Amino acid sequence: MNHLLRPRKLIGCPRLSYMALVLILLFVSAPAMAEQLLVQSGQVIELAESKSTAENNQSVTKQIEFPKIEVEIGLSAGYREDEFDWNIAGNSNGNNPNILSELTWDDLQIFQFGVRAKTVIGRGFYLRGKFDYGWILDGDNQDSDFAGDDRTLEWSRSNNSADDDDVLDASLGIGYQFRLAKDKCKVTPLVGYSYHEQNLTLTDGVQTVSEPALAPPGVTPLPLGPFAGLNSKYEAEWKGPWVGLDVSVRPTEKLTMMATFEYHWADYEAKANWNLRTDLDHPKSFTHDADGEGVVASLGLAYAVIKKCSLNLSFNYQDWSTDPGTDKIFFADGTTAKTRLNEVNWESYAVMLGVSYRF
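Residues numbered from 1 in each chain as written. Predicted model: local features only at pLDDT ≥ 70, side-chain atom pairs only at ≥ 80, totals over all residues. Heavy atoms only, no water.

Describing the overall build of the protein chain
Within the protein chain, the regular secondary structure consists of 2 helices and 14 strands. Here the protein chain holds 359 residues, and 39% of them are scored as buried. When the accessible surface of the protein chain is totalled, it reaches about 20,100 Å², and 60% of it is carbon and sulfur. (Helix = DSSP H or I, 4+ residues; strand = E, 2+ residues; numbered from the N terminus. Buried < 20%, exposed > 50% of the residue type's maximum accessible area, 1.4 Å probe, protein only. Areas by Shrake-Rupley, 256 points an atom, 1.4 Å probe, with all protein chains shown as cover.)

Concerning the nonpolar core
Counting 30 residues, the largest nonpolar core has Phe84, Trp86, Trp105, Tyr234, Trp238, Tyr268 and Trp274 as the members making the most contacts within it. Those elements giving two or more residues to this core turn out to be strand S1 (69-88), strand S2 (101-121), strand S7 (185-210), strand S9 (231-249), strand S10 (255-273), strand S11 (286-304) and strand S14 (336-358). (Core = buried A, V, L, I, M, F, W, Y, C linked by side-chain atoms within 4.5 Å.)

Some details on the pairing of S2
Strand direction decides the pairing type here: S1 and S2, joined by 19 bridges, are antiparallel. Residue Gly78 lies in a different strand from S2, and its bridge partner there is Gln112. In this sheet, strand S3 (residues 125-148) lies alongside S2 in antiparallel orientation, the contact comprising 19 bridges. Paired with Arg116 across the strands is Lys130, a residue of S3. In textbook terms, the turn of a hairpin is the stretch between consecutive antiparallel strands, and for S2 and S3 this stretch comprises 3 residues, one of which, Gly122, has a positive phi near 70°. (Pairing = 2+ DSSP bridges.)

Some remarks on unusual backbone geometry
Across the junction of Asn96 and Pro97, the peptide omega takes the value -15°, indicating a cis bond. Mapped onto the secondary structure, Pro97 falls in the loop between S1 and S2. Note that the residue after His282, namely Pro283, is joined by a cis bond; omega there is 10°. Tracing the chain through its elements places Pro283 in the loop between S10 and S11. Positive phi, close to 65°, is recorded for Asn96, a residue that is not glycine. Within the element layout of this structure, Asn96 appears in the loop between S1 and S2. Residue Asp150 is not a glycine yet carries a positive backbone phi of 55°. Mapped onto the secondary structure, Asp150 falls in the loop between S3 and strand S4 (152-161).

Thoughts on the side chain of Asn160
Along the chain, the position of Asn160 falls in strand S4. You can call Asn160 buried: its relative accessible area is 5%. One polar contact links Asn160 to Asn141, side chain to side chain, over a distance of 2.7 Å. Residues in contact with Asn160, not counting those within four places in the same chain, are Gly139, Asp140, Asn141, Asp143, Leu202, Thr203, Asp204, Gly205, Val206, Phe227 and Leu230. (Polar contact = N/O pair within 3.5 Å; in protein donor to acceptor, adjacent residues only side chain to side chain. Contact = heavy atoms within 4.5 Å.)

Focus: the confidence of the model for the protein chain
Detailed reading of predicted coordinates is not advised where the pLDDT is low. For the protein chain, the mean per-residue pLDDT works out to 87, and 82% of the residues sit at or above 70. Scored below 50 in pLDDT, residues 1-51 makes 37 contacts in the model with residues more than four places away or belonging to other chains. (pLDDT = per-residue confidence, 0-100.)

Quick look at the pattern of salt bridges
With the rule as written, the count across this model stands at 16 salt bridges. Among the ionic pairs, Lys118 bridges to Glu72, the shortest N-O distance being 3.9 Å. Taken as a pair, Lys118 in strand S2 and Glu72 in strand S1 lie far apart in primary sequence, 46 residues in all. Each of Lys68, Glu70, Arg123, Arg179 and Asp183 takes part in one network of salt bridges that share partners. (Salt bridge = Lys/Arg side-chain N within 4 Å of Asp/Glu carboxyl O.)

A look at a nonpolar patch on the surface
Side chains of Leu75, Phe111, Phe113, Trp135, Leu137, Tyr303, Val305, Ile306, Leu311 and Val355 sit close together on the surface and give an oily, nonpolar patch of about 930 Å² of accessible area. At the level of elements, S2 and S3 are the ones that each hand at least two residues to the nonpolar patch. By the secondary structure assignment, Leu311 is in strand S12 (residues 309-322). Of the residues examined, Leu311 reaches a relative accessible area of 46% and is grouped as partly exposed. (Patch = residues over 30% accessible without salt bridge, like charges linked within 9 Å, V, L, I, M, F, W, Y side chains within 5 Å.)

What to know about the packing of aromatic side chains
Taken as a whole and judged by the stated rule, the model has 17 aromatic pairs. Taken together, a centroid distance of 6.1 Å and an interplanar angle of 55° make the contact between Phe84 and Tyr234 tilted. Here the residue Phe84 occupies a position in strand S1, and Tyr234 occupies one in strand S9, the gap between them amounting to 150 residues. In this structure, Phe84 and Tyr234 share a single accessibility class: buried. In textbook terms, an aromatic cluster arises when at least three aromatic residues are bridged by ring pairs, as seen for Phe84, Trp86, Trp105, Tyr234, Trp274 and Phe286. (Phe/Tyr/Trp six-rings, centres within 6.5 Å; stacked < 30°, edge-to-face > 60°.)

Listed below in structure tokens is the structure:
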């Protein structure tokens, strides 16, 4: 809403009273005096008009127009599914073997709740924030160990449940909005910062591969079948800056189509508690550290049910990975060791239904 400060009233001028007096005397004086006074009054009128105009111009310059502020807040809920994996090598050089151990999480089924907020100030300044939190309802995990390169000579494998814990995503972006085609198309370049978590728990373990002859010296894999007490945790974080683009197109008065794209640079950190490993420290058994990158994209529709309220449907996609990094192991006797973290991969998609309101 535009707010204008009212112009100040013109300050009263003594010369205007003098001019009125002159005009009265004009009509009662002798013709000679009237002629002289007319000349004087003309000068007074000119001066008064000049001052009035100056004061009016000054008041106009003091008018302040506040920028229009548009705020939109949205709530949504929906289904999300994630895939997550990482693997390490036998040493810091990336060999002996090149893949020593690999963990994969498949079909992580998540119920997700989200909050969105967007502010546009004036004709361009744009601020966007979002927060998503999800509860993991179901999922599968596989933990494999190898004695040979390229995932050969597998000597241990367990298949476990991953139907507990949670995920979290938060992001903030700032940009400038360009409005095209009489505001029917809006394009906004953005920069921002984001933070993401995957908190994963392994339970209900079942040993499905057990080859003692292939295991390293001094290590004996669990026998085949279910084993009790598994409650291991792996907690991952991705955080860093991003650049992106928001685009919206309004083909009708009620329907708006939206798309977003973001490219992220990430600092990846994770810590784990392998609760059944008596040779490892607890609650921190090992950590991961690497540089990564990611792509975040979404497509959506908004339908205005009333003037300021819309129903929203969106499809969200994320694809993240890391460069080689470091796996640091903490042993129960207080010593540590390092090996190469080969890679971490995370892929996610979500379908969300929600409602938004514009203030």
